[in-house]
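# Structural description and commentary
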Amino acid sequence: MELTRPDGTPLRVLVVDDEVNIAELISMALRYEGWQVSVAHTGTKAVAAAKHAKPDAIVLDMMLPDFDGMEVLRRVRATEPDVPVVFLTARDSVEDRIAGLTAGGDDYVTKPFSLEELVARLRGLMRRSGAQQVATSSVLVVGDLELNEDSHEVFRGSEEISLTATEFELLRFLMRNPRRVLSKAQILDRVWNYDFGGQANVVELYISYLRKKIDAGRAPMIHTMRGAGYVLKPPS
């Protein structure tokens, strides 16, 4: 079931973190859910983005270069009193938790964190604040490649392709982001759930497994972008 706004349009989430790579990983995970994401790396830009984007939820880092997450929350809540906020913090002290929640934050995640956990917390907060659940199609199609998320069947043209569980998850991530270059770090975090780290060579290995099954003897769909990552696109 996919969550949307009450009018059926995608949910909007504002991600605020001064660490660009972490903000990008979070954004990828949220876009994977079908949500619209805007990003800010400072408190000043976060307050401006909240006014402009009118987000349904905010992921807010406590430590920012200009002023802290508490001050961002105070300014945002002056105009958007009901927007749910999940605080990110590198510190796991009881005092910080109490301070963040007392300031009006709705939830709290400590770095390093699992993206799956963060997404689950956001889904729960937005459901409670009025997001709608809608049934979504379980079939992904890119070119002549078709993947059924419910039955786990994969076809290239008329030929059924047998994949392991990990190969299936990797292909699903690629197919949910067609024509988008995905870095090894993004793939690791989404498919293997590593928290901003892990062995990048496992990605290369599984990409090679997928290529043998998906692309062998056919026009290739999985492409390596040297120094950037991998992209899946229909044969030209």
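Here's a quick rundown of the structure. (Residues numbered from 1 in each chain as written. Predicted model: local features only at pLDDT ≥ 70, side-chain atom pairs only at ≥ 80, totals over all residues. Heavy atoms only, no water.)

Per the stated rule, a full pass over the model turns up two aromatic pairs. Between the aromatic rings of Tyr32 and Phe173, the centroid separation amounts to 5.2 Å while the plane-to-plane angle is 65°, which identifies the pairing as edge-to-face. Remark: Phe173 occurs in helix H6 (residues 165-176) and Tyr32 occurs in helix H1 (residues 20-32); sequence separation between them is 141 residues. On the basis of relative accessibility, which here comes to 10%, the residue Tyr32 falls in the buried class. Between the aromatic rings of Tyr206 and Tyr209, the centroid separation amounts to 5.1 Å while the plane-to-plane angle is 75°, which identifies the pairing as edge-to-face. Placement of both Tyr206 and Tyr209 in helix H8 (residues 201-214) is noted, with a separation of three residues, approximately one turn of the helix. Stacked on the ring of Phe67, the Lys or Arg Arg75 has its end atom at 4.1 Å from the ring centre. For Arg176, the ring lying beneath its charged end belongs to Tyr32, and the centroid distance is 4.6 Å. (Phe/Tyr/Trp six-rings, centres within 6.5 Å; stacked < 30°, edge-to-face > 60°. Helix = DSSP H or I, 4+ residues; strand = E, 2+ residues; numbered from the N terminus. Buried < 20%, exposed > 50% of the residue type's maximum accessible area, 1.4 Å probe, protein only. Lys NZ or Arg CZ within 6 Å of the ring centre and 35° of its normal.)

Turning our eyes to something else, we now look at the environment of Glu159. Inspection of the secondary structure assignment puts Glu159 in strand S11 (residues 159-161). Residues Glu159 and Leu145 lie 14 residues apart in sequence; the distance between their C-alpha atoms is 9.7 Å. Ignoring any residue separated from it by four or fewer positions in sequence, one finds Glu159 in contact with Val154 and Arg218. Within polar-contact distance, the side chain of Glu159 engages the side chain of Arg218 at 2.5 Å. (Contact = heavy atoms within 4.5 Å. Polar contact = N/O pair within 3.5 Å; in protein donor to acceptor, adjacent residues only side chain to side chain.)

Spacing of three or four residues puts side chains on the same side of an α-helix, whose turn is 3.6 residues. Taking 1.5 Å as the rise per residue, helix H5 (residues 115-128) with 14 residues should run 20 Å; its terminal C-alpha atoms sit 20 Å apart, in good agreement. When H5 is considered as a whole, its buried residues turn out to be Leu115, Leu118, Val119, Leu122, Arg123, Gly124, Leu125 and Met126. Measuring from the side-chain oxygen of the N-cap residue of H5 to the backbone nitrogen of Glu116 gives 3.1 Å; that N-cap residue is Ser114. (Expected span 1.5 Å × (residues − 1).)

Nothing here speaks to function; it is geometry throughout.
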